[in-house]
Amino acid sequence: MWHFEYAIPSFMILAVILLHFFTSQHISVRVQKVFFAVLYVEFFTILIDIVSSYFCDHFEHFSYELLVFISLLFYILFLLRSYVFFIYSYVLSNRAIRLKKERVILATIPLIILEAFAISSVVNKYIFYIDENGFNKSRYYYAIYICLFFYVILSIVVAIFNRKKFYRKKYFAYTILFNMALFIGGIVRILIPNYLLMDTTCVLVILMIYLCFENPELYIDRRTSSFNYSALNALLFDDRAINRTSIKGFYLRNYREFHSFTEDNLVDELLRAVANALKIYGKTRNIFYIRRGGFIVCYKEQKDFGQVQKEVTRYLEDYKRMHDIKIRTDLAIIELDEELAGLPVSTKVELIKDVYDSRYNMAAFDRILISVDDYNKSKRELEIKSEIEWAIDNNDVEIYIQPIVETKNKKVVGGELLTRIKRDNGSLLMPGEFISVAERYGLMNKIGYIVFSKACKYIKENDLKASGIEWLNFNISPSEFLREDLSSSLCEVTNKYGVDRNFIHIEIVEEFVEDFLRFKNEISKVHRFDFNFVLDDYGVGYSNLMRLNEINFINIKLDKSLVRAYCDSGNLIVAIMIKAFKELGYELTAEGVESEDMVRKMTDLGVDYIQGFHYSKAVPVANFLDMVKEINTK
């Protein structure tokens, strides 16, 4: 007697996954095509398992030929299911590499042998047979499970062998996990076959794969409804999907101003309108939103993108009139010089992204041509990226501290933690060389974690308060506040070393942030754990007085350009601004102070703290307390 209590609900869950998957946008990459195969095979395997089990329970109502056929079909699909799960694991671990046909053929041989063995049961009854008592297992019945366990073990071996080739490290762990689930499912099927629990196990594995790897929502940008940068990376990782693909970059001119002075819902609507227009006029679904109003379009057939640009710009003008948008913004194009035509597509994408990141607010140009010089600059940045990654892997991120002096008593009361990257040859990369590169490649969080950990260890091992040090400033890039785990990461380190969080002031550089609401929410989360905030480099970045009101800063650091503007020419605007900040209750720090005259002028204006070469440059952390003692005893 067969039981369907688990198989039928599992079949319904799989049907829902299928419906959602096939009605969503997907990128055309090899790993998703194999997942299609997994879904198809599993759908029909469960269906035939339910039908064949029902037929076997009521065998007296069906012909011998039909019972043999439906049973044979189930075993064919059962064996095929084990194979397609293996192929999915294999592709997942090798998605950046062209699959070698000989390896695939070699892995297919056991399937072909066992499928032939199953089919031969119609004659020789090796696996099953039908008689007057209905369905019966034969002496070699368990060969079908040998196929399952063979492919599961092979999947695990391949995953371990290729663990460094996974697109993301966590994918390796998930692959081992879902193959172990298949292995356990096979054992359960052997022990209690009448409950069809193997089907339920396979659906759970598919659900795991779907949530971890193949959910189309993971690759859709919520603001534009086009593909996101993760989808573009997945496409670039697939050598077959990207082969013979051409690309163009597009961006909205004046996007920063438009974003700042327009409601968020209208910004999102405009971005969606641009994405839709690019799909319509570019006649391609492969539209990728990279950020800050920038898009990358991938296409197979040659198109007149000058005409596409005009059509989309016309579309935008109609849209702005409809919504009474006064700020000028239209579509500009990014192209590569013909000398760069032979570069790999992945390199072209990185070039477009790098050039766009550095020039995205240049309103004067409706076309940017990427030159050989841009390419050489990008190559240098890739070298710096490799040097950063080497330093991270070898924990060779060094911390320096620059003293901050109180104007009232001319004593060091704080310091700013600064980062230096140590190359493998022992020389140092300075912040001006590596910060923009680390930001672009998402390495700042790793650097920040190492620096913060080393700083907390230093604070624990040294009695800084005995030397008059009241706080240390630690820089966090605004992009890091878009991480949902930032607050927990900071708290984990302070708890590990027992550091008072009020002792650490977090400096945030003044910079345009596209998703300001998310940025502000994460700052609020961090602030709830007793961290204080300092606004760094005020006056050089994206100055917005309204946003000072929205974030609870305890100190504003005046950029050296403002400090020099006042000290050199008595700039009245700077003086008025400083007075306004003091009336609002902010403490102020003057950066880049290089002479006693500058100290005096800043002190007269009411600035609370001084930082600059006049007192000391940044020194290695081991020398900081000696420097403090030297300054405080003058």
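Residues numbered from 1 in each chain as written. Predicted model: local features only at pLDDT ≥ 70, side-chain atom pairs only at ≥ 80, totals over all residues. Heavy atoms only, no water.

Visitor: Looking at this structure, I do not really get the overall build of the chain. What am I missing?
Guide: Within the chain, the regular secondary structure consists of 24 helices and 17 strands. Expressed along its principal axes, the backbone C-alpha trace of the chain runs to roughly 105 × 60 × 45 Å. Across the 634 residues in the chain, those meeting the buried criterion constitute 53%. Taking as baseline every contact in the chain between residues at least 6 positions apart, the subset at least 24 positions apart corresponds to 72%. Accessible surface, the chain: about 29600 Å² in total, of which carbon and sulfur atoms supply 57%. (Helix = DSSP H or I, 4+ residues; strand = E, 2+ residues; numbered from the N terminus. Buried < 20%, exposed > 50% of the residue type's maximum accessible area, 1.4 Å probe, protein only. Contact = heavy atoms within 4.5 Å. Areas by Shrake-Rupley, 256 points an atom, 1.4 Å probe, with all protein chains shown as cover.)

Visitor: I keep staring at the pattern of salt bridges and nothing clicks. Help me out?
Guide: Note that side chains of opposite charge can pair when their charged atoms are close. Tallied over the full model, the rule gives 19 salt bridges. The salt bridge partner of Arg-423 is Glu-387, with a shortest N-O separation of 3.3 Å. One end of the pair, Arg-423, is in the loop between strand E9 (412-422) and strand E10 (428-429); the other, Glu-387, is in helix H15 (residues 372-393), and 36 residues separate them in sequence. For Arg-423, a relative accessible area of 16% gives the class buried. One salt-bridge network, in which partners are shared between bridges, spans Glu-416, Glu-507, Lys-557 and Glu-591. (Salt bridge = Lys/Arg side-chain N within 4 Å of Asp/Glu carboxyl O.)

Visitor: Explanation requested: the packing of aromatic side chains in the structure shown.
Guide: Within a pair of aromatic rings, the relevant descriptors are the distance that separates the centres and the angle that separates the planes. Applying the stated criterion to the full structure yields 41 aromatic pairs. Their ring planes at 50° and their centres at 6.4 Å tell us that Tyr-88 and Phe-213 sit as a pair that is tilted. Of this pair, Tyr-88 sits in helix H3 (residues 64-93) while Phe-213 sits in helix H8 (residues 197-214), and the two are 125 residues apart along the sequence. There is no split in this pair, since Tyr-88 and Phe-213 are both buried. An aromatic cluster of at least three residues, connected via ring pairs, comprises Phe-21, Phe-22, Phe-35, Phe-36, Tyr-40, Tyr-88, Tyr-171, Tyr-174, Phe-178, Tyr-210 and Phe-213. Over the aromatic face of Tyr-400 sits the side chain of Arg-420, whose NZ or CZ is 5.0 Å from the ring centroid. (Phe/Tyr/Trp six-rings, centres within 6.5 Å; stacked < 30°, edge-to-face > 60°. Lys NZ or Arg CZ within 6 Å of the ring centre and 35° of its normal.)

Visitor: Any chance you could explain the sheet that holds strand E5 (residues 294-299) here in plain terms?
Guide: Strands in a sheet are paired, the pairing made by backbone hydrogen bonds, and the direction either parallel or antiparallel. Strands sit in the order E4-E5-E3-E6-E7 across an open sheet of five strands; the sheet is mixed. Edge positions in the open sheet fall to strand E4 (287-291) and strand E7 (367-370), since each of these has one partner strand only. Within the sheet, the average angular offset between the axes of one strand and its neighbour, ignoring direction, is 25°. Note that strand E3 (residues 246-252) and E5 share six bridges and pair antiparallel. Looking at E5, one finds that Ser-246 is bridged to Tyr-299. Sheet contacts for helix H12 (residues 264-282): E3, E4, E5 and strand E6 (331-336); angle to E5, the most-contacted strand, approximately 20°. Packed onto the sheet, helix H13 (residues 305-322) meets E3, E5 and E6 and runs at close to 160° relative to E6. (Pairing = 2+ DSSP bridges. Axes fitted to C-alpha atoms, helices over the stretch in contact; angles between N-to-C directions.)

Visitor: What am I meant to see in the side chain of Glu-406 here?
Guide: Within the secondary structure, Glu-406 sits in strand E8 (residues 397-406). Here Glu-406 occupies a buried position and makes no salt bridge, while the nearest side chain of opposite charge, Lys-408, is found at 5.1 Å. Discounting chain neighbours no more than four positions away, the residues touching Glu-406 are Lys-411, Val-413, Asp-608 and Tyr-609. (Lys, Arg positive; Asp, Glu negative; His and termini not counted.)

Visitor: Whenever I open this one, the nonpolar core confuses me. Can you help?
Guide: Across soluble globular proteins, nonpolar side chains show a tendency to be buried alongside one another. Within the largest apolar cluster, 100 residues are counted, with the highest numbers of intra-cluster contacts made by Phe-35, Tyr-88 and Leu-232. If you tally residues by element for this core, the top one is H3, at 18 residues. Ignoring any residue separated from it by four or fewer positions in sequence, one finds Phe-35 in contact with Phe-21, Tyr-88, Ile-206, Ile-209, Tyr-210 and Glu-214. Ile-399, Val-405, Phe-481 and Leu-535 belong to the second-largest nonpolar core, a separate cluster that totals 79 residues. (Core = buried A, V, L, I, M, F, W, Y, C linked by side-chain atoms within 4.5 Å.)

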